[in-house]
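Summary of the model geometry
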Amino acid sequence: MRPKIKISTLFAAGIICYIIGLYVIGFMNTPFLFILFFAIATFCLLITFFLLLTDLFWEILPPDKAGVYGNDKWTYRVYILAYLIFFLIAGWTINHYFLPYNKFHPVSLLGNAGILLFSAFLGWNLLKPNGKSILIGTASFILFVSLLTIVGSISDKDVVPSSHEEIKSLPYLTWVPAEKTIQKSGVTIHDQRQSFKGVNIYNSTNLSKAYLMDMSGDILHTWSAKMNEDDTWHHIEMDNNGDLLSIVEDAMLLRLDWNSNIKWVVKMPFHHDIAIAQNKDIYALRRKEEMVFISGLPVPILNDYIVVLSPNGEIKREISLFKVLKKGVPFNVVTKIYLWIINPKNLWEIVRRKLEGDYIFYGADLVDILHTNTIEIINRSINGLCKKGDILIAVRNLNLIGIIDLENEDLIWSWGRRRLSKPHHPSLLENGNILIYDNGQKREYSRIIELDPLTKKIVWKYRANPPGQFHSPTRGANQRLPNGNTLITESDSGRVFEITNNGQIVWEFYNPEIDTEEGTRAAIYRMLRLTHPKDYAILGRLK
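Cut-offs used in this document
- Residues numbered from 1 in each chain as written.
- Predicted model: local features only at pLDDT ≥ 70, side-chain atom pairs only at ≥ 80, totals over all residues.
- Heavy atoms only, no water.
- Helix = DSSP H or I, 4+ residues; strand = E, 2+ residues; numbered from the N terminus.
- Buried < 20%, exposed > 50% of the residue type's maximum accessible area, 1.4 Å probe, protein only.
- Contact = heavy atoms within 4.5 Å.
- Areas by Shrake-Rupley, 256 points an atom, 1.4 Å probe, with all protein chains shown as cover.
- Pairing = 2+ DSSP bridges.
- Patch = residues over 30% accessible without salt bridge, like charges linked within 9 Å, V, L, I, M, F, W, Y side chains within 5 Å.
- Salt bridge = Lys/Arg side-chain N within 4 Å of Asp/Glu carboxyl O.
- Axes fitted to C-alpha atoms, helices over the stretch in contact; angles between N-to-C directions.
- Phe/Tyr/Trp six-rings, centres within 6.5 Å; stacked < 30°, edge-to-face > 60°.
- Core = buried A, V, L, I, M, F, W, Y, C linked by side-chain atoms within 4.5 Å.
- pLDDT = per-residue confidence, 0-100.
- Left-handed = near helix turned anticlockwise from the far one by under 90°.
- Nonpolar A, V, L, I, M, F, W, Y, C, P; charged D, E, K, R; others polar.
- Parallel < 35°, antiparallel > 145°, perpendicular 65-115°, else oblique.

**Notes on the overall build of the protein**
Looking only at helices and strands, the protein features 10 helices and 28 strands. The burial tally for the protein puts 50% of its 543 residues in the buried class. Of the contacts made within the protein by residues no fewer than 6 positions apart, 55% connect residues no fewer than 24 positions apart. On the protein, roughly 26900 Å² of surface is accessible, and the fraction owed to carbon and sulfur atoms is 58%.

So, in structure tokens, the structure goes:
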């Protein structure tokens, strides 16, 4: 008679194969294959672990196991599995209802306490089966959850997500809520004496157009081009000869001349920012789905690269930002991504995208562990800080502002952890300080800060009064103007405003692209004012 293979032996062998498989596929740098293997293998291990535990408890049950199980091990397992599923669904439902968008609600503590007590009650009854007591306990628990739901629904209206919370939970929106400001359009404030005179360049995120606009809101020039019907421009950058560089997010980078003729197109998942060097090389951000190792464990992520292109659009170099920043990536990223993978909803979406030939991580913020949103080429050397040609970056999901030595691919300076909340658009000022757009997702208000990078002390800041009147949970830009004023793009309101050093608003603009029926306005990712003399040379063509 052949000896039976014990479940514990199968489980031990499964773990060994599981670990070997993870590393083998991890070194293959194929994220989709890794995700598929990880999800299937983890599911098999969980089943084996469940069988192992139920076997263990079966052995310690009272000798008379008749009760509701009929002295049958598989019936017992089905009961255990049913209650386990019930616990998971009940727990998820209560926490999903009372913790919307990760916002704490005290009533949820009662819900979780109820689940815990009911678990203890059921555990006792599983050891000493009694159908009547289980039925009474289940009915009591259902009544408890029902009452909790009613109490929670009327106790605090804040459990209903606000428009800003909806924005935080989604990818960048083309249209943003504007019910309170729907009547405002174009330039609404213009203090000609205190505002800095210039020409503004911006694009509306719902269109494939970019505009040069004067201080009164009149359009001086427009660029417009489309490669595909659904293309919209995420960000634009103007060269001093009048050419325009435009990013169609996660799709391509275009170069247009002054008359909107397309000079070239590079199809790659570019995103967020472009910088033009003095030698006319173009620095852009792109995404790439790949496998990396964090604390020795293989992890599929969406990595960011700085791509250096020639003026003609030829790729000259690519620098992995994960390689530069990996020491600052926290280990809990690994567990979060692993748990994300085994969520059936996420797994199905990944498989569907793969079958359709799309990016498998599109819109998946959890694997976008960096989310770099700014690159600025530093134009001069500063003792003790940086040299000309280094790169200033903002890494939103690490709450980090940093300077990279591009020659050595090394992070030479950084700041922001536990100080910033999803920052954007750092800019090196003439005085050597750094201007930073601190979005403040958790704070519920945004602020602009000026940081001395050598002492790492904040020397100036702006926030609205009350603070919540200025809040862009995502996106945003700031620009220090020659007269000391600061131009601020409040992206998620489709608003741009200029303030003096003491916070007085002296110029304000609302995107005129409005949907009055929906109560929304098109967002503005970034508006910049042309201030340097070389930028104005092209304006001679407008006369």
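**Some details on the environment of R418**
Here R418 lies in the loop between β17 (410-415) and β18 (424-428). Residues R418 and L398, spaced 20 residues apart in sequence, show a C-alpha to C-alpha distance of 9.6 Å.

**Points about the sheet that holds strand β27 (residues 520-522)**
Strands sit in the order β1-β27-β26 across an open sheet of three strands; the sheet is antiparallel. In this open sheet, the two strands that pair with only one neighbour each are β1 (175-177) and β26 (514-515). Where β1 meets β27, three bridges bridge the pair, whose relative direction is antiparallel. Bridged to P177 within β27 is T520.

**Notes on a nonpolar patch on the surface**
Together, I16, I20, V24, M28 and L33 line one region of the surface with nonpolar side chains, adding up to about 450 Å² of accessible area. Looking at the nonpolar patch, the element that brings in the most residues is helix α1 (residues 7-27), giving three residues.

**Focus: the sheet that holds β17**
The sheet built from four strands is open, its strands ordered β14-β15-β16-β17 with antiparallel pairing. Taken across any chain shown, the strands that pair with only one partner, and hence form the sheet edges, are β14 (372-377) and β17. Sheet twist, expressed as the mean angle between neighbouring strand axes with direction ignored, is 25°.

**Considering the packing of aromatic side chains**
By the definition in use, this model includes 16 aromatic pairs. A centroid spacing of 4.7 Å and a plane angle of 35° characterise the contact between F27 and F293, whose relative ring orientation is tilted. Here F27, found in helix α1, pairs with F293, found in strand β11 (residues 282-294); they are 266 residues apart in sequence, far enough to count as distant. Note on F27: relative accessible area 61%, which makes it exposed. Taking the relative accessible area as the measure of exposure, F293 reaches 29% and is therefore partly exposed.

**Quick notes on the nonpolar core**
Judged by nonpolar contacts, the single largest core of 51 residues is most densely connected at Y283, I294, I306 and I369. Apart from residues lying up to four places away in sequence, Y283 is in contact with D273, I274, A275, A277, I306, V307, V308, I375, I377, I391 and L406. By size, the runner-up hydrophobic cluster in this structure holds 17 residues, among which are L212, I236, W258 and L530.

**A closer look at the confidence of the model for the protein**
When the pLDDT values of the protein are averaged, the result is 86; 80% of them are 70 or greater. Counting interchain partners and residues more than four positions distant, the pLDDT-below-50 stretch residues 153-170 has 25 contacts.

**Quick look at the packing of helix α2 (residues 31-60) against helix α9 (residues 344-355)**
Where α2 meets α9, the closest approach of the two axes is 11 Å, and the angle between their N-to-C directions is 145°. Viewed along their axes, α2 and α9 form a crossing whose handedness is left-handed. Here F32, I35, L36 and A39 of α2 come into contact with α9, specifically with L347, I350, V351 and K354. Considered class by class, the residues forming the contact of α2 with α9 number seven nonpolar, no polar and one charged.

**Brief notes about the pairing of strand β8 (residues 252-256)**
Counting buried residues in β8 gives five out of five residues, a clear majority hidden from the surface. Burial of the side chains of β8 extends over both faces: M252, L254 and L256 are buried on one face and L253 and R255 on the other. Here strand β7 (residues 244-248) runs beside β8; their pairing, made up of five bridges, is antiparallel. Following the sheet pairing, L245 is matched in β8 by R255. Here β7 folds back onto β8, and the loop between the two strands holds three residues, one of which, D250, carries a positive phi near 60°. Pairing geometry for β8 and strand β9 (residues 262-267), over five bridges, is antiparallel. Within the sheet, the bridge partner assigned to L256 lies in β9 and is I262. Count of turn residues in the β8/β9 antiparallel hairpin: five residues, of which S260 carries a positive phi of about 70°.

**Concerning the packing of α1 against α2**
Taken N-terminus to C-terminus, the directions of α1 and α2 make an angle of 165°; their axes are 10 Å apart at the nearest point. Relative to α2, the element α1 lies roughly antiparallel. When you trace α1 past α2, the crossing you get is left-handed. Residues I7, S8, L10, F11, G14, I15, C17, Y18, G21, L22, I25 and G26 of α1 lie in contact with α2, whose contacting residues are L33, F34, F37, F38, A41, T42, L45, T48, F49, L51, L52 and D55. Residue classes in the contact of α1 with α2 are distributed as 17 nonpolar, six polar and one charged.

**So, unusual backbone geometry**
For the peptide bond that leads from N465 to P466, omega is 0°, which places it in the cis range. Relative to the assigned elements, P466 resides in the loop between β21 (457-462) and β22 (477-480). Phi angles above zero are rare outside glycine, and E444 is one such case at about 75°.

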